[in-house]
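# Structural characterization, general
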Amino acid sequence: MIRSSPPAVELQHDIKGRSLWQDAVRRLARNRAAVASMIVLAVIALLAVFAPMLSPHPYDEIYWDRIQMPPDFANGHWFGTDSNGRDLFVRTLYGARVSLMVGVLATAVSLVIGVIYGAVAGFVGGRVDDIMMRLVDILYALPFMFFVILLMVMFGRNIFLIFVALGAVEWLTMARIVRGQTLSIKHRPFIEAAHACGVTRTGIIFRHIIPNVLGPVIVYVTLTVPQVIMTESFISFLGLGVQEPLTSWGVLIAEGARLMEAAPWLLVFPATLLALTLFAFNFIGDGLRDALDPKDR
Amino acid sequence: MSDILLAVRDLKVHFPVRSAGWRGAHCHLKALDGVSFDVRAGESLGVVGESGCGKSTLARALLQLIPPTAGQVLWLGEDIAGLGDRAMRPRRRGLQIVFQDPLASLDPRMTVGDIIGEPLRVFQPELKPDQIRHRVETLMGTVGLLPHMINRYPHEFSGGQCQRIGIARAIVLQPKLVVCDEPVSALDVSIQAQIINLLMALQRQMGLALIFISHDLSIVRHLSHRVMVLYLGRVMELGHRDGLYRNPLHPYTRALLSAVPIPDPDLERARQRVTLTGDLPSPLAPPTGCVFRTRCPMADRRCEEHTPLLEPAGPGRQVACHHWRRNADT
Ligand code: SF4
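In this report, the structure presented in the accompanying data block is examined. (Residues numbered from 1 in each chain as written. Chains lettered and ligands numbered in written order. Predicted model: local features only at pLDDT ≥ 70, side-chain atom pairs only at ≥ 80, totals over all residues. Heavy atoms only, no water.)

So, on to the site of the ligand. Residue and element names in this part refer to chain B. The local shell around the ligand holds 13 residues, among which Cys-290, Cys-296, Cys-303, Cys-321 and His-322 are the closest. Spatially, the ligand is embedded in the largest cavity. For the shell around the ligand, a count of residues per class yields nine nonpolar, three polar and one charged. (Near = heavy atom within 4 Å. 1 Å grid on protein atoms, 1.4 Å probe; cavity = no way out; pocket = protein on both sides within 12 Å on 5 of 7 lines; lining within 4 Å. Sits in = over half its atoms within 2 Å of the grid points. Nonpolar A, V, L, I, M, F, W, Y, C, P; charged D, E, K, R; others polar.)

What follows deals with unusual backbone geometry. Residues and elements named next belong to chain B. Phi angles above zero are rare outside glycine, and Leu-76 is one such case at about 55°. With respect to the element layout, Leu-76 can be found in the loop between strand 4 (70-75) and strand 5 (78-79). One non-glycine residue, Glu-182, adopts positive backbone phi at about 45°. (Helix = DSSP H or I, 4+ residues; strand = E, 2+ residues; numbered from the N terminus.)

A separate point is the state of the cysteines. With the rule as written, the count across this model stands at zero disulfides over all chains. Left unpaired, Cys53(B) is separated from the closest cysteine sulfur, that of Cys290(B), by 15 Å. Residue class for Cys53(B) comes out buried when judged on its relative accessible area of 1%. For Cys180(B), which is in no disulfide, the shortest distance to another cysteine sulfur is to Cys197(A) and amounts to 14 Å. (Disulfide = S-S within 2.5 Å. Buried < 20%, exposed > 50% of the residue type's maximum accessible area, 1.4 Å probe, protein only.)

Taken together, the side chains of Ile39(A), Val43(A), Leu46(A), Leu47(A), Val49(A), Phe50(A), Met53(A) and Leu54(A) make up a nonpolar region of the molecular surface, amounting to roughly 730 Å² of accessible area. As for its position among the elements, Val49(A) is in helix 2 (residues 32-54). (Patch = residues over 30% accessible without salt bridge, like charges linked within 9 Å, V, L, I, M, F, W, Y side chains within 5 Å. Areas by Shrake-Rupley, 256 points an atom, 1.4 Å probe, with all protein chains shown as cover. Salt bridge = Lys/Arg side-chain N within 4 Å of Asp/Glu carboxyl O.)

Turning our attention to the environment of Ile162(A). Residue and element names in this part refer to chain A. When you line up the elements, Ile-162 lands in helix 6 (residues 159-185). Ile-162 sits 56 residues away from Ala-106 along the chain, and the two C-alpha atoms are 8.3 Å apart. Setting aside its immediate chain neighbours within four residues, Ile-162 contacts Val-102, Met-152, Glu-232, Gly-241 and Val-242. (Contact = heavy atoms within 4.5 Å.)

On the side of chain B, 32 residues touch chain A, which itself brings 28 residues to the contact. Taken over both partners, the interface formed by chain A and chain B buries close to 2,700 Å², and the fraction arising from carbon and sulfur atoms is 53%. For the pair chain A and chain B, the number of links is three salt bridges. Note that Glu192(A) is salt-bridged to Arg60(B), the shortest N-O span being 2.7 Å. Counting across the interface, chain A meets chain B through 11 residue pairs in polar contact (both at pLDDT 80 or more). Elements supplying a minimum of two residues to the side of chain A that touches chain B: helix 1 (20-29), helix 7 (189-196) and helix 8 (201-237) of chain A. Broken down by element, the residue count for the side of chain A that touches chain B peaks at seven residues, all from helix 7 of chain A. Partitioning the side of chain A that touches chain B into residue classes produces 12 nonpolar, eight polar and eight charged. (Buried area = accessible area lost by both parts, 1.4 Å probe. Polar contact = N/O pair within 3.5 Å; in protein donor to acceptor, adjacent residues only side chain to side chain.)

Listed below in structure tokens is the structure:
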């Protein structure tokens, strides 16, 4: 015994319990891939936020004399310029802003709707559950791309429409996951105990059900964000995404793919960043799954 | 009598069961089939029976966690059977429950303080957080937990400590009656005694009435004033503890008691054993007549044809058996 026992004073204070969340964070911190991924994501996010301060070039300025130039450190075009003579480094980071924002916001929308919807359906059960889940099935069956194209045609190209469209589709899976989890815990004794204590149904859903289903939900969130980014890229690739001169990774990759042979850097830089981001999210999701459910490895 | 807290009259809980096969015919699992008894203020009623006899269903049906199929549950003179959530809520203040599985009945994402304080938040929303905290800490001391553990989570406690948390949650509103559904069967024997003693001490201090459900006859003997014996969802015998343990009238009670070892070796050697043969019949297809007849050593034609009714057999004593007189005073 080198270290002495804890000092007696400590007994005067409340002992801070370790919640299951804190345990999970501790386990996550030991997962190298997940930690590295979080650092990568943080760097990309910071770059995206501070992009305009990092480079001397604005994202929409056209340099008529430097069209489609390869990367060059001398004049500050670190990633080269695109076919319109705009700086690719700044454009890629502006694209990151849009892509990450779409990913996070659309996922947040789907999270709020999906969790509440799924928890209510699962907890109330019976006919209400039947009707609510049939509605989800019907929406699932609608062709999503068709829906997006229709919205774009009707309301014009608008970034908020993309959030709405993506969020409206992603919550369906979330609702199904949360409903399944809710069904699996709603007969556990602590729910019955809450009932016996007089907690209302709403109270049980928000205080007991939702905190206990959040584990798998968080894992799913980390897998939804890259999925949304991919979908947004795909929509943009089709030319239905954000409007010029604003850009997103999808738009940049679409253009890069078109000019792949003449100017490979137009594809390489945005595609690398996109791939890094997707990988990072997936590693974090994996790490979270292990951390949240240590038995299920 | 005005001191009757809870009067149960002919309580039935049937679960619809669909038997296998195409368009399976509906039948009913009669988990409880006509149970009647009273509980007075401050007394403890032991409920014994094998597993599957409807003990847990009884606990849940009393608290309206399972809606009874028929019958009355008179709480302070008022029928609460089948009341909806909203109507039931104010009555839950006086009627609480302690569950069998101590850890599983505590929300794993909440601190002990939040768990014990939850009924306070529901019923006394005017309390400020530090008032709730103060009451929770005091109560933790009462049930034998260290108050500075208030921020800990259930998984950091042992089974016995978890059950103390469960008990604290049940008594925080100072109820009149606590239903204990096998509160110690999941715990080690050494810890069982501590929890039983805690319950008895609380009963004395707070004037609680207890319904103590257990399959362990020696524990029930230790803390009950009266004992009710259940078999396949029906009351077999009901009586004061001493009378019932000294002179069991129902063959089923005799069989249960004869399986319990007697601490006195002379008595232990001298007693006759009545062993139970056969298994518990399926509650889906209970025997006709007396439900116990398939395992009863005294069964005859009459038992097959007529269901024995619960009849008075001495002061405070009720038995459901055609031939109980043969067992009297032996
Ligand atoms: S009624 Fe008959 S079968 Fe039932 S317990 Fe009495 S003696 Fe046994």
